[in-house]
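Close look at the chain arrangement
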Protein chains: 2
Amino acid sequence: MGEFELIQRYFRPLSHNRGSEALVLGIGDDCAVQRIPQGRDLVFSIDTMVEGVHFPTRYAPEKLAWRALAAATSDLAAMGANPVCFTLALTLPEPGEPWLDAFAKGLATASKAFGIALAGGDTTRGALSLSIQVHGTVPCGEAITRSGAQGGDLVCVSGTLGDAAGALRYLDSEIGGSDVSALLDRYHHPVPRLELGEALIGVASAAIDVSDGLIADLGHILASSDVGAEVDVYRLPLSSALKRLAGERAVEFALHGGDDYELCVTLPPGKWDELDESVRSALTVIGRIEERAGLRASGTGQQELVNLSGFDHFRSVK
Amino acid sequence: MGEFELIQRYFRPLSHNRGSEALVLGIGDDCAVQRIPQGRDLVFSIDTMVEGVHFPTRYAPEKLAWRALAAATSDLAAMGANPVCFTLALTLPEPGEPWLDAFAKGLATASKAFGIALAGGDTTRGALSLSIQVHGTVPCGEAITRSGAQGGDLVCVSGTLGDAAGALRYLDSEIGGSDVSALLDRYHHPVPRLELGEALIGVASAAIDVSDGLIADLGHILASSDVGAEVDVYRLPLSSALKRLAGERAVEFALHGGDDYELCVTLPPGKWDELDESVRSALTVIGRIEERAGLRASGTGQQELVNLSGFDHFRSVK
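Residues numbered from 1 in each chain as written. Chains lettered and ligands numbered in written order. Predicted model: local features only at pLDDT ≥ 70, side-chain atom pairs only at ≥ 80, totals over all residues. Heavy atoms only, no water.

Just so we agree on the cut-off: UniProt positions are given in the numbering used here, feature names are shortened, and annotations may be inferred rather than shown by experiment.
Chain A is annotated in an unreviewed UniProt entry as Thiamine-monophosphate kinase of Marinobacter nitratireducens. Its UniProt record gives chain A a comment under Function (unreviewed entry), which states: "Catalyzes the ATP-dependent phosphorylation of thiamine-monophosphate (TMP) to form thiamine-pyrophosphate (TPP), the active form of vitamin B1." The record in UniProt for chain A states the following under Sequence similarities (unreviewed entry): "Belongs to the thiamine-monophosphate kinase family."

With respect to the UniProt feature "domain: PurM-like C-terminal" (unreviewed entry) in chain A
The condition that has to hold: Numbered from the N terminus, helices here are DSSP runs of H or I no shorter than four residues, and strands are runs of E no shorter than two.
Within the UniProt annotation, "domain: PurM-like C-terminal" (unreviewed entry) is assigned to residues 194-296 of chain A. As annotated, residues 194-296 of chain A has a helix share of 41% and a strand share of 26%, and its two end C-alpha atoms lie 29 Å apart.

Points about the side chain of H188(B)
Worth spelling out the cut-off: Contacts are assigned to residue pairs with any non-hydrogen atoms lying within 4.5 Å of each other.
Position of H188(B) relative to the elements: it lies in helix α5 (residues 177-188). Ignoring sequence-local partners within four residues, the contact set of H188(B) consists of Y59(B), K63(B), W66(B) and R67(B).

Looking at unusual backbone geometry
Across the chain, the bulk of peptide bonds are trans and the bulk of non-glycine residues have phi less than zero. Residue and element names in this part refer to chain B. This is how the line gets drawn: The buried label applies to any residue whose accessible area, calculated with a 1.4 Å probe on protein chains only, is under 20% of its type's maximum; exposed applies above 50%, and partly exposed to all values in between.
Of note in the backbone geometry, D226 takes a positive phi value of approximately 60° without being a glycine. Looking at the element boundaries, D226 is found in the loop between α7 (214-225) and β9 (228-232). Of note, Y261 is a non-glycine position whose phi angle comes to about 55°, a positive value. You can see Y261 is positioned in the loop between α9 (250-256) and β10 (262-267). Taking the relative accessible area as the measure of exposure, Y261 reaches 6% and is therefore buried.

Let's talk about the interface of chain A and chain B
Reports of interface size often rely on the accessible area that becomes lost once the parts have come together. Rules: Defined here as a combined quantity, buried area equals the accessible surface (1.4 Å probe) lost by two parts on assembly, summed across both. Should a side-chain nitrogen of Lys or Arg be within 4 Å of a carboxyl oxygen of Asp or Glu, the pair is scored as a salt bridge.
With 67 residues of chain A at the contact, the number on the chain B side is 66 residues. For the pair chain A and chain B, the summed buried surface comes to about 5,100 Å²; carbon and sulfur atoms form 59% of the total. Scanning the region where chain A abuts chain B turns up six salt bridges. The partner of R35(B) in a salt bridge is D41(A), and the shortest N-O contact between them spans 2.7 Å.

Topic: the packing of helix α2 (residues 61-79) of chain B against helix α3 (residues 97-114) of chain B
Residue and element names in this part refer to chain B. Inclusion rule: Angles shown run from 0 to 180 degrees and are taken between the N-to-C directions of axes, each axis being a line fitted to C-alpha atoms and, for helices, limited to the stretch in contact. What makes a crossing left-handed is the near helix being turned counterclockwise from the far one by less than a right angle; a clockwise turn instead makes it right-handed. Polar here means any residue other than Ala, Val, Leu, Ile, Met, Phe, Trp, Tyr, Cys and Pro, which are nonpolar, and Asp, Glu, Lys and Arg, which are charged; Gly is therefore polar.
It is at 7 Å that the axes of α2 and α3 come closest, and there the two elements cross at 35°. Of the two elements, α2 crosses α3, and the hand of that crossing is right-handed. The residues of α3 that touch α2, namely those facing P61, E62, L64, A65, W66, L69, A70 and T73, are W99, A102, F103, G106, L107, T109, A110, S111, A113 and F114. Class assignment of the residues belonging to the contact of α2 with α3 gives a composition of 13 nonpolar, four polar and one charged.

The following block contains the structure:
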């Protein structure tokens, strides 16, 4: 199968699944064309996943498609952006039809679930990897960055943390089969917090998605904002399944585990009270921003958490 | 070296080389933010280059950076777009400092030459490959597509064709050393036809950049526009160096050779006369669009050229 036929057959159908005027020209030309509504900024991010590094060898193609698009789209959620479209650069050893069928199916499902349309891409031959660039929009100047956190701000996270990492840790163990299955779904099918991100525009002083672990990602906010934070590790939101499975180690997964794609957000205390109940209930306050640099744990003898680092692609390869 | 340090050291400096208000937020957050001027559309394209497929193993990193950015930016030229910024997804086996130094230097040089600033990216570990997504803008609704060619339109190409392919063919031969060197520079340092592309907005009925060979790329215009064409192979623009080196085979390189990144453009004859002399002199008329499907050669007994195909990533791997 040629590159042209491959695109026609598997990917062109995906470019029409959003009845939007935003995508003026989709797949099939030298470039795609997007129209940005007046008063809005374009927000974009590119993410690469490599077989054996970011996902297991012979990973199910439907799951790969979902997870890759979710991980990329999660960066839009962290900026408070409304998703519009994405490009896919897919490198694969050979275009086996069952693999492509399943991959395209997974991509279509995720694309529909996240409301983001395929706008273009490139297919090449090589070791399996994919880069996805996502495009969204925010009101001009309103994108939530990592650099706006200020002393006194609350530190919040969405959902529960550590589930994906816990699932991978106990995958081959003989205990907690049903809990492992439940948690494993969080690894395979993360859901970017798009609605929550949009609701936090004008509210959050800073935000990031938790992809490398809370300590690493909150650390990026602290570094960019030139502040520190104290986090109460006993307030970390943990799922019942993770607590049953990991016991006291659950906190460790919540602090260091990536792949959950929840949001970590800072906001002034006054804004917390103004939030809709639906937004508040999606968040857990876990600590507070401080002027003093460093990340400290409260409730455990003030130990320093700052030197514990998360997943870094050039240090540890999964 | 960690991913964060690598980005800080090699790539962050590249995001500030364009004093533009277009890039609201560059490298270092979850997403970059671009402001699109009112009345303009965003034009974007992603391109992947894999070691051993699109460039030789152990290819010089400065040349790789230039060629990858040129190839990607050439797609903006084909749409008539003004370049703004790009993202880089770089996958490499290990972050050797000499390699990264040279790569970042080549990228900075090309970025400055093409007037396009680094906006963001991702670095991962794996087999060497890079995906570049370029962003440009055009006046709303004015992007030049592949689908607007009509019967009677002139078919034109810019510059000279076949040089890069000729250089590669004679690289290891014992003849024409200085000609090979001259042509080889076209392979290593292609220059996207950005000014020409912009000048063709409102003039060209269709355009494409010649990356896979004239026959393949003109073929895309014909398929998208649902027309045919007759091309006079004796009017193909050939460099003196290629003619000296390849003799009668020069035409073959011009028809099938990719990697020159010239533009192939169609336009109504009436528009030709309205063109500035500077634009006209950058183009050679090589044929005419016809209602009848297929690509035919004039001047050589009307032979059909249509079944000769160019480079396809899943058919032939360089």
